[in-house]
Each structure stands twice: as structure tokens, then as C-alpha cells.
Amino acid sequence: MINPVILQQGSDWRAQAEVFDEIFFVFLALGTLVGTIVVSYTLWNVYKYRDDGNRSDEKFDAPTVGELPTGQGGPKAKKLFLSFGLSAIVVISLVVYAYGLLLYVEDGPSVQEEGDIQIMVEGYQYGWAYEYPNGHTERGELVVPADQRVDLNITSRDVWHNFGSSDLRIKSDAIPGDYSETWFAVSSEDVEAQGGEATYAVQCFELCGPGHSQMKSQITVLPQDEWEEWYAGTGNSSASAGNSSNIGAAGVAAPGGVSA
Amino acid sequence: MSGLPPTTSVKRWFVTTNHKDVGILYTITALFFLLFGGVMALLIRLQLWDPTSQILSGLAYNEAVTAHGLIMVFWFLSPFAFGFANYFVPLQIGADDLAFPRLNALSYWLYLGSGVLLAISFFQGGTLSAGWTIYAPLNVPMYTPSIGSTGAVLALAMFVTGTTASTVNFLTSIHHSRAEGMGIMDMPMFTWSMLATVWMMLFAFAALLAVGLLLAADRVLGSVYFSATEGGSLLWGHLFWFFGHPEVYIVFFPALGVMLELFQTFSGRRLVGRKWVIISICLIAVQSFLVWMHHMFLTTINLEIKTLMMATTIGISLPFDLVVFALIYTLIKGRIQFTTPFLFAFGALLLFILGGITGVFLGAIVLDYEFRGTYWVVAHFHYVMFGGATALFGGAYYWFPKITGKMYDEFLGKLHFVVFFLGFNAVYFSMFLGWETPRRVFEYNPEFQIYHQFGTIGAFVLGLSFFIMFYNFAKSYVSGEPAGDNPWDYSRTAEWAVSSPPPLENWSNRPSYASGKLEFVKDFVPDGGPAMKTDDDGDVATDGGDSHSAHISKYPYWDEHPSHASIWPFALAVSLGVTLFGFSGFAEAVTVVLGETAMQSDINISNALYPIAIVAGIVGLLYTGVKWGLEDFYAPPSEFAERWPFNGVEKVKLGMWFFLASDVIVFGAFISAAVFIRYNAGWMTWEPLTESLPGLINTFVLITSSFTVILALVAARRKSRQGLLATLGTTILLGFTFMTIKLWEWNHEIFDRGVTIAANAHGDPIQASIYYVTTGLHGIHVLLGLVIAIFLFVRVYQGHYLDDERPIEYFGLYWHFVDIVWVFIFPLFYLF
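Residues numbered from 1 in each chain as written. Chains lettered and ligands numbered in written order. Predicted model: local features only at pLDDT ≥ 70, side-chain atom pairs only at ≥ 80, totals over all residues.

## Some points on the overall build of chain A
Phase 1 of the analysis: Each helix and strand in chain A was counted, giving five helices and 10 strands.
Phase 2 of the analysis: A buried classification covers 35% of the 260 residues belonging to chain A.
Phase 3 of the analysis: In chain A, of all internal contacts separated by at least 6 residues, the share reaching a separation of at least 24 is 73%. (Helix = DSSP H or I, 4+ residues; strand = E, 2+ residues; numbered from the N terminus. Buried ≥ 20, exposed ≤ 12 C-beta atoms within 10 Å, placed from the backbone. Contact = placed C-beta atoms within 7 Å.)

Take a look at the structure:
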């Protein structure tokens, strides 16, 4: 499902961080604008109609104790509905706009020529285990190639965690007995900009026990060829894995560049 | 006056059932919990001062975070609002008291008792550390093993029990005791907000009670609901947020009600678009139950459901828009007086606008994905919930003169507002700036340290601002200027038409709005008879339909004075507190070693304190329950009242229906949990654990007992004591038959088939847990019904209820309900 907004961008794909930054900017700009208008208007009127003791009693219909409540109608009621209508239009159009981009984020970009790579992510107290299509399990860091879409299948071994990287703007719940999904991709330009190896911090975003604060990990993105070399070396041994746990059959859509 | 000691006597505060006394107790207790939760908040802020060094361990920090959230949401915000509601809703609707004064006192004591249990839990190896959202499976003993964790869960369950009692009470009062001429659309806005609040509470808190009971079963009895990988975690999420989202409005609406009152009082203008504001409030109350999954956007729920929840979430922001604009436009062309109450109410509006706008961000799912679990969420809900509560402090200043008869110090009040408002924004706006910090994490990115340090300073300023208020109130109470009955120029509601403080029974003559405004009318009271209103033709008018007028003529104590004192609410709450304290350590202290049969099984007790507390508590519950039932406590229904839409329904019956409605949600949640887990496990992979024959027999037994209860009512109406004894007796026998068959069935399951609450020789352990816990909850209902039936039976034997068969009728309602529940349970556990 590709929506018009994406097509207009013209590029091949957009990282979740880009999509987020765009929506966040639009919301922040409009939110600040609306908030400033409403608050200034309110403050100005409160100042204007302050009780300075100089107002005439004529036409002021003061309420009295024990009256059955009635509302004010007239021009103010009209204004009420006008403002309500305007705010509804702003809110609804904002959300329709954001929903278009959600559909993109949900599906992710179409799979690149190289194919995508699927990783099983398993949270535990207090760390993350990453299982690759070849059965290799890595702890502490997720090493992935640049320019390739990485699909994460996220679950938990013990309690409810949340796998998230603020830098990449990705996040997904890690729920025992359940598998959630998210994706990301880092371009080789970004990797080069960080000196040939890009790293992004990973943290747990759901309270998971006394070690929650220390439940950290990182995503390391290598250029394609370097990554392939690294990945080939993992084929037989699970050395870095400590104890390699079989998380379950990782769904693998054969990463084309790897199979060689 | 009915044995109620003067306010200077300590005893009065233990026995009072008067709504104003209870309101004061609520308010003061809630302020105490504000300090308690505030200290937790300051501990959190100190920990955040430096992203590397710590003053608390990881576990202690989690306990502080959890206790802060639980205390502020449950033990401060709602009870603070309910203090005002207790005091002023009856005054605003022209009632003498709430519908059930003893129940009201019970609600308060359960609230205080639950708070005591929570405080004790800190000393039971540490309190709960799973966050106020108590996500599963972190909430099960495997991950949070301390006794205090169980204690905190049971404290929450006790709190919710009190809340349910309070909800039933307010619903009945507002729907049953409004002064003549005050139609439902004529109620003051504070009362309207409270009505919407208690309607939401009736259903939302029932869901919380259910999920709390399930968690208590996991923690105390060893069932495996929330550790089950067959959807246990998501089950918690769904049930908790089904409660949790309405809860946001439950704490905000009373504050909104205060804002709506104060904006009118201090501008001298009436509310703009009043009817539409009321409609919006009702819409929000209904919609609040349709948005809960927006708290779970990052779980595995599918895109269609997310889309639906996004739409309903945005939908719910629209009525709020209307309410906010109505508040703003009300002020225009007014004469705005910048008194302390107004400043707080106005400040609350500004804070709420910011909270609302940042909430729209969260409604956009892509943004929510990133905000989830960060300080954006923390900042947002503090602006909404605590921002709303800002108006409640305005309410405290607004009503202080009415409650005490003294005026507060205006300068100190304004000073409090300024310090409060600056501190508030320093704490919570800095959270927006450092929003990328994950929640509940204290080792954070040093980049954000400056915001967190700023926030910590703000938190101390905010905390200190309350001491200005405490000093102001204490000083003014002792030596303030007399305030007079109505210190405000443009107040409208009825509490300002009586003296400050109001007399015990509120009115000397009956308040009535029949002429279009408040008047006090003197009713014709025949010698030794009930008050009667005469209409133009001189006929005695009845305004409520048959049962109401029948009630007046049948009520045997009509010549008595209303009662205002009873010790049993306090005693009952203490008994329940002791019982739950016992259960908190039950799993640790008592182990059951199963043998071949029940006779050969051993019970090992490692710590006698907890089992003794359970036994003592239950004995206390039975004793105080019976004493409560026997006490001659007279709380007359208002004789002439507006009751739409429940015109023909008698007071106690109305309360019973409200209670049963909440119980429907409790059972609904239990049965939904069973269906949800079974669906996740694969529906067809489960066979019934039990043979269907005992269940079938029990179905017949229960349905038969429903008929005998109907016959009992018929016998009571015919004033046949023999018939009543026979039919009630048969009902009790049938109930015991049901329980005996049930016991046999459980015995058979445990010892012949190896199926216990935590283990299942024939399939998933969770299936066994669901079977025992769901049928167990039903069994407890039957048992409770039997206790009541035996009480009634003895009373009938002593010659009661022949003149007034209503207790038999209301027991019948309950009994039928329990039977109907069984009709749902039977196919689910015995047939399919």
C-alpha cells in the first residue's frame, strides 16, 4: 500500500526517522501556532474583562444564588461552534495526513534488490539477543549492513520489554509469547558520514525490573561488503553468543548478497 | 442529635456518617497522600539529578516510581475530588445527605485502610516495583517476589472496593435525591461532572477490580494468568487500559467541574453553550471506553484496530475542544475577579490546553510509536491530570470559607498560585524538552541532564508551594476573618444559600426549585406521620409513582430522626484490612502439600501471623456485617425529589441495580479473560476439564433456587411467616447443595485427576487456573448469598420482614444475578 504522499517524495525509501521528523515538525509548528493563538486570545480577554470596578451595572445580568442554571446563548454560542468547527478541521486534517505516513511506516519500503534480512530479537532481563537467519546469535550489539532493509521480529523470554532506538526512531514491544515487528534501514551515506561504521543506541522502553536502566545495547551498521565478511565468519561458530539459544525458526527471506 | 458527638470529640470522626464530615476526612487524608506521593516524586527527581550517580538502587527506584504513580492517581487525585463531592454534591442538589450514609463512611474507611495497607507494604520486604501500570508478567511473584508487592496489589483491590461503594452511593444520590424542580439538565456543573465521573467509575473500576482480583489470585493462590504465554501479558494490557483510559477522565472531570463553576462565579457570566457542554461531557464519558488500545499501539494489535482506535482517540478530543472554548468564551464580557480560586482554575485551563495539544501528537500513531515509553508521555499526562488537579486546589480555596466559616488569606493564596505555577511548568515543561529520555530510567543520555536538573529544582519549588497552602489554611482556620454565608459576588449554587459551615442536616426547611428558583418550603407534617406535600386541590400529591408512595406508607420507622452515627463502617473496614493483610503473606506463610486425598494432605505454616490475621479478619467481617444488618440506622429517602430516569425505583433497589451493573463488568472481565486466553491458546485445542454431569446438576439446583426465592417474596407479601421460612430455607439448602457438589468436583479434579490451580496433568496449566478462579469467584458469590440468606432466615424466624418485604426482594435480585452468571459459566467450562 503506497500512498500519494510517499510517491511525491520521489526517493526510493525513507527511514522511519525521516518520517517521524517530518510529522513531528508539522505537529509542533501547528501545535505551537494554535496554542499561542488560543492562549494569547484567552489572556488578552481575561485582562480586558478584569473587574476594575469601573463597569456600569446596566446590561450586566449578574447571576444570583439559587437560580436554576441557564446557559448563555446568542452570538457567543455561534462563536463556540465556529471555533469548534475550526479546531475539528485542524485536528482531523492533521491526523489524516499523519495516517497516510503511518501506512508507509507499517509496511516499510518495498524490498530492495538485495532482499531484506530478518532478525529475531529476544529481550531478557537485562539485555537483547539477536538471532540471524543462519542461526548465529549475537548479544550486546546488532550488526547489520547498510542500504538494506532490516526486519526485526521482536519477542521476550521473560517480562514485557520494549525494544527501541531513539536515534533511528524505531520502537516495538517485546512481549513474551508474542511477536511484534518493525523495520529500519540505514543508507551507506550515513555510514560513511559516521566514519565507516555507524552505531545507534538501543534501550529498553518498558519498565522490566531493577536492571531496566542498564538494559542497553547498540545497532552497528557496516558497509555491505564489510558486513558480508563479518557475517560469513559467523556461519559455523556462535562464539560471541556465549550460549546460543534457539529462539525459534527465524523467518528468512534469503538475503541475496549473503548466500554466495 | 442521634448520638453524634460534637466535632471537637475524636470519637465523632470514627462514627460519623454525615456527608460533610466524611468529605472533610477525605480531603485531609488525600492531602496527606499528596505529601506521601510527593516525597516519592522528590526521590525520583533526586535520582535524575545526575545520569551516572545514584542515591537509590534500581529496585528502590522502581518502588518509588510505582508508589508515586499509584498514590497520586488512586490515593490522592480521586479522593481529593471526592472530598469536595461528598461535601457539596448533596448541597448542590438539595439533599440532606448521600443516599446511603453508612456506605459512604465505609467507602472512606476502606480508602484509609487501603492506604494503610499500602504503607505497610513498604515494610514487607519492599512494595510493588512494577510501575503504576503493573504490566504483566513483571507483576507476578516470579519477578516481583516481595510480600509487599502482594500487599500493594491487595491494597489496590481494597481501595477499589471502597470506590465501588462510593460510586453506587453517588449514582443513587444524584439520580434519587435531587430537590423538587431540579431536572437533570438543571444540575450545577460540578454535580454534572461528578455524575459523569461516577458513571465512568461504575464500569471502569469494576474492570480494575476484576483485573486486580485476577492478579491477587496469581500472587496469593498461585494461578498463572499473567505469566501465561497464551496472551497473559496482553490480557493485562487490555483489562488495565480498559480501566486506565476512562480513569484519566475520572480524575480530570471533577477538576473540570470545579473549573466550570469557578469560571462562572468569578466572571459573573453564565456558561456559554451549557447544553452542549453537558452533551460533550456525556459523549466523552461514553467514548472513554472505546479508546483504550491507543495505549497499546506498539503491541501486536493489527492495523485495522489501530486505525479504529486512532479515529476514536481523535474523536474524543473534539468534545474537549468544545468544552475548552466554552470555558474561554464564558469569561468574555464578564467582570473577572482574580481571586486565588479563579487563578488556580484559570491556570488549570492553560495547563490543560498544553496537555491537550501534546495529546493530539500522541493520537498520531507514527508519533506515538516514538513517544511511547518516553518523557513526552510523562509530561503530557502530568499536564492533563495534575494540570486538571490544579483546579481542585482552586476548589479548596473556593470552598474553604463554606467548610470552615473563615476566609483564607488572599495574599498567601496568590503567592501559592505563583510559586505553584512556576514550579509546575519548570518540572513538566522540562520533560518535553528532554522527552527522548526513556521513562523510569535513571541512567540516561547526559545530553538531557540540564533539563532534568531544571526539572528537579522545579519539583522542589512545586513541593514547597503546598506548604504555603497548608500554612494559609491552618492560620485562617484558627484566626481568619469570618467569611459569612456567601463571600462571593456571583455564586449561584445552593451551598451558598446556607450558613457556613452548613447545619448537620443542611436545611431547616425543604429546598425546592419548583418555582424556578431555590425556595425553602415548609411541608405539612401530620402528627406522627410522614411529611406530605399538598397540591392545589388539597390532595396529597405523589410524585414518584407507586413504589415511592408505597414506601412512605410502609416504612416502619418513619417517625424517627435520621441517624448520623455508626461505628460499623469503621469496624468493617478494619476487619477487611486485617483479612487482606493476612492474605498478603499467605503464599509465603502457608504451603499445602497435596497427598493422595484431602485427608492425607499437609498444611505447613511457617509464619502464623498471616493465617491468624486471615481468620481474625473473616470473623470480624462476619461479626461487623451482622451488627451492621441489625443496627437501627435510619436514612430516609427524600420524599419529594426529581428522579429522572429512575422515577419509579425505590432507593435501595436503585443502589442494588447499580451494584449489580458493576458486578456484571467484574464477571464480564473474568469471562473475557477466559475467552481471550483460550482464543490465544487455540480455541479447539482445549477440552472441558471436568465432566459435564455435576455441572448440569448444579445448573438445575441453582435455577430451582431462583424459583424458591421468588416464592419467598410471594410468601413475604402474603405475610406468611411459615411460607417465608420454608421457601428461604429451601433456597439455603439448594445453595448448600450447589456448594457441596462444587466441593466434590474440585476434590475430584485435584486428587483423582491431578488438576490444581497451577498445574494441569491434561493440558495447559492456565486452563486449570481459569477454571478454578472463574468458578471460584462465582462460588464466593454463592457463599456470600448464603450468608445473607441465613441472616434473613434468622430474622424471619424472629418475626421480621413481614411488614416490609423489600430486603427479601433485594436479596432475590442478587441471587438471580448469581444464577444468571452461572448460565454463562456452565457452557464455557463444562460443555465446550
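## What to know about the overall build of chain B
Phase 1 of the analysis: Looking only at helices and strands, one finds 23 helices and six strands in chain B.
Phase 2 of the analysis: Its C-alpha atoms give chain B a radius of gyration of 27 Å, near enough to 28 Å, the size a compact globule of 832 residues would have.
Phase 3 of the analysis: Summarising its shape, the C-alpha atoms of chain B cover approximately 80 × 75 × 50 Å along the three principal directions.
Phase 4 of the analysis: For chain B, the proportion of its 832 residues judged to be buried stands at 57%. (Rg over C-alpha atoms; globule rule 2.2 N^0.38 Å.)

## Quick notes on unusual backbone geometry
Leaving glycine out, the prevailing phi sign among residues is negative, and the prevailing peptide bond configuration is trans.
Residues and elements named next belong to chain B.
Phase 1 of the analysis: The amide bond that connects S500 to the next residue, P501, takes the cis arrangement and shows omega of -10°.
Phase 2 of the analysis: With respect to the helices and strands, P501 occurs in the loop between α14 (449-479) and β2 (510-512).
Phase 3 of the analysis: Here the amide bond leading from W644 into P645 is cis, since omega sits at 0°, within 30 degrees of zero.
Phase 4 of the analysis: The phi dihedral of R440 falls on the positive side, at around 60°, and the residue is not glycine.
Phase 5 of the analysis: Taking the number of C-beta atoms within 10 Å as the measure of exposure, R440 has 21 and is therefore buried.
Phase 6 of the analysis: The backbone of N506 shows a phi angle near 70°, a positive value even though the residue is not glycine.
Phase 7 of the analysis: Examined against the element boundaries, N506 turns out to sit in the loop between α14 and β2.
Phase 8 of the analysis: The class for N506 is partly exposed, based on 19 C-beta atoms found within 10 Å.

## So, the environment of W628 of chain B
All names here are of chain B.
Phase 1 of the analysis: With respect to the element layout, W628 can be found in helix α18 (residues 609-630).
Phase 2 of the analysis: A residue is classified by how many C-beta atoms lie within 10 Å of it, and W628, with 18 of them, is partly exposed.
Phase 3 of the analysis: C-alpha separation for the pair W628 and A571, spaced 57 residues apart in sequence, amounts to 9.6 Å.
Phase 4 of the analysis: Contact partners of W628, with chain neighbours within four places excluded, come to W568 and L572.

## Focus on the confidence of the model for chain B
All names here are of chain B.
Phase 1 of the analysis: Residues with a pLDDT of 70 or more make up 95% of chain B, whose mean pLDDT is 93.
Phase 2 of the analysis: Overall, residues 534-559 carries pLDDT values under 50, and its contacts beyond four positions in sequence, including any with other chains, amount to 31 contacts.
Phase 3 of the analysis: Listed scores for the predicted complex are pTM 0.93 and ipTM 0.91. (pLDDT = per-residue confidence, 0-100.)

## Focus: the sheet that holds strand β1 (residues 117-124) of chain A
Residue and element names in this part refer to chain A.
Phase 1 of the analysis: Pairing within the open sheet is mixed, and its five strands lie in the order β3-β2-β1-β5-β8. Where the open sheet ends on each side, the last strands, each with one partner, are β3 (137-139) and β8 (180-184). Across the sheet, the mean angle from the axis of one strand to that of its neighbour is 25°, orientation sign disregarded. (Pairing = 2+ DSSP bridges. Axes fitted to C-alpha atoms, helices over the stretch in contact; angles between N-to-C directions.)

## Topic: α14 of chain B
One full turn of an α-helix is made of 3.6 residues, so residues set three or four places apart face in the same direction.
Residues and elements named next belong to chain B.
Phase 1 of the analysis: The end-to-end C-alpha distance of α14, which contains 31 residues, comes to 46 Å, matching closely the 45 Å that a straight helix rising 1.5 Å per residue would cover.
Phase 2 of the analysis: Within the sequence span of α14, burial applies to H452, G455, T456, G458, A459, L462, S465, M469, N472, F473 and S476.
Phase 3 of the analysis: Elements that come into contact with the buried residues of α14 comprise α2 (19-48), α12 (375-404) and α13 (410-433). (Expected span 1.5 Å × (residues − 1).)

## Here's the deal with the interface of chain B and chain A
Size of an interface: often given as the accessible area lost when the parts come together.
Phase 1 of the analysis: Between chain B and chain A, the contact holds 82 residues from the first and 73 residues from the second.
Phase 2 of the analysis: If you list the elements that add at least two residues to the side of chain B that touches chain A, you get α3 (58-93), α7 (232-265), α8 (274-287), α9 (303-331), α10 (340-363) and α11 (365-371) of chain B.
Phase 3 of the analysis: Class assignment for the residues of the side of chain B that touches chain A results in 46 nonpolar, 20 polar and 16 charged. (Nonpolar A, V, L, I, M, F, W, Y, C, P; charged D, E, K, R; others polar.)

## Considering the sheet that holds strand β9 (residues 198-204) of chain A
Residue and element names in this part refer to chain A.
Phase 1 of the analysis: The five strands lie next to each other as β4-β10-β9-β6-β7, forming an open sheet whose pairing is mixed. Sheet topology places β4 (141-145) and β7 (170-174) at the edges, where each strand pairs with a single neighbour. Each adjacent strand pair in this sheet contributes to an overall mean axis angle of 20°, direction not counted.
Phase 2 of the analysis: Of the pairings in the sheet, the one linking strand β6 (residues 161-165) to β9 comprises two bridges and is antiparallel in character. Within the sheet, the bridge partner assigned to G164 lies in β9 and is Q203.
Phase 3 of the analysis: Across the sheet, helix α5 (residues 224-232) touches β4 and β10 (216-222), and the angle it forms with β4 is around 125°.

## Details of helix α19 (residues 651-681) of chain B
Phase 1 of the analysis: Its 31 residues give α19 of chain B an end-to-end C-alpha distance of 45 Å, which sits within 8% of 45 Å, the value for a rise of 1.5 Å per residue.
Phase 2 of the analysis: Of the residues flanking the end of α19 of chain B, it is G682 of chain B, one or two places downstream, whose phi is positive at about 100°.

## A look at the confidence of the model for chain A
Residues and elements named next belong to chain A.
Phase 1 of the analysis: Summary statistics for chain A give a mean pLDDT of 83 and a share of 83% for residues scoring 70 or more.
Phase 2 of the analysis: A low-confidence stretch, residues 1-11 stays under pLDDT 50, and its non-local contacts, those more than four residues away or across chains, total 10 contacts.
Phase 3 of the analysis: Every residue in residues 238-260 scores below 50 in pLDDT, and together they form 41 contacts with partners more than four places removed in sequence or on other chains.

## What to know about the packing of helix α22 (residues 765-797) of chain B against helix α23 (residues 806-831) of chain B
Residues and elements named next belong to chain B.
Phase 1 of the analysis: Two numbers describe how α22 lies on α23: the axes approach to 10 Å, and their chain directions differ by 160°. The angle between the axes of α22 and α23 places the two elements in the roughly antiparallel class. As for how α22 packs across α23, the hand of that crossing is left-handed. Contacts between α22 and α23 pair Y771, T774, T775, H778, H781, V782, G785, I788, A789 and L792 from the former with P807, I808, F811, Y814, W815, V818, V821, W822, I825 and F829 from the latter. (Parallel < 35°, antiparallel > 145°, perpendicular 65-115°, else oblique. Left-handed = near helix turned anticlockwise from the far one by under 90°.)

## Description of the environment of L290 of chain B
All names here are of chain B.
Phase 1 of the analysis: By secondary structure assignment, the location of L290 is in the loop between α8 and α9.
Phase 2 of the analysis: Owing to 17 C-beta atoms within 10 Å, L290 belongs among the partly exposed residues under this scheme.
Phase 3 of the analysis: For the pair L290 and M309, spaced 19 residues apart in the sequence, the C-alpha separation amounts to 7.3 Å.

## Brief notes about the nonpolar core
Phase 1 of the analysis: In this structure, A207, A210, L239, M259, A345 and V366 of chain B are the most contacted members of the largest nonpolar core, which totals 325 residues.
Phase 2 of the analysis: It is helix α6 (residues 189-221) of chain B that contributes the most residues to this core, 26 residues altogether. (Core = buried A, V, L, I, M, F, W, Y, C linked by C-beta atoms within 7 Å.)

## What to know about the packing of α13 of chain B against α14 of chain B
Residues and elements named next belong to chain B.
Phase 1 of the analysis: Between α13 and α14, the least distance of the axes is 7 Å, while the angle of their chain directions is 155°. The angle between α13 and α14 places the two elements in the roughly antiparallel class. In this structure, α13 crosses over α14, and the sense of that crossing is left-handed.
Phase 2 of the analysis: Grouping the constituent residues of the contact of α13 with α14 by class yields 19 nonpolar, eight polar and no charged.

## Points about the pairing of β1 of chain A
Remark: a regular strand shows side chains that alternate across the two faces of the sheet.
All names here are of chain A.
Phase 1 of the analysis: Counting buried residues along β1, seven of its eight residues qualify, which places the element largely inside the surrounding structure.
Phase 2 of the analysis: Of the strand pairs in this sheet, β1 and strand β5 (residues 150-156) are connected by seven bridges, and their pairing is parallel. Of the residues in β5, the one forming a bridge with G123 is S156.
Phase 3 of the analysis: In this sheet, strand β2 (residues 127-131) lies alongside β1 in antiparallel orientation, the contact comprising five bridges. Across the sheet, G123 pairs through a bridge with W128, a residue of β2.
Phase 4 of the analysis: From the end of β1 to the start of β2, which pair antiparallel, there are two residues.

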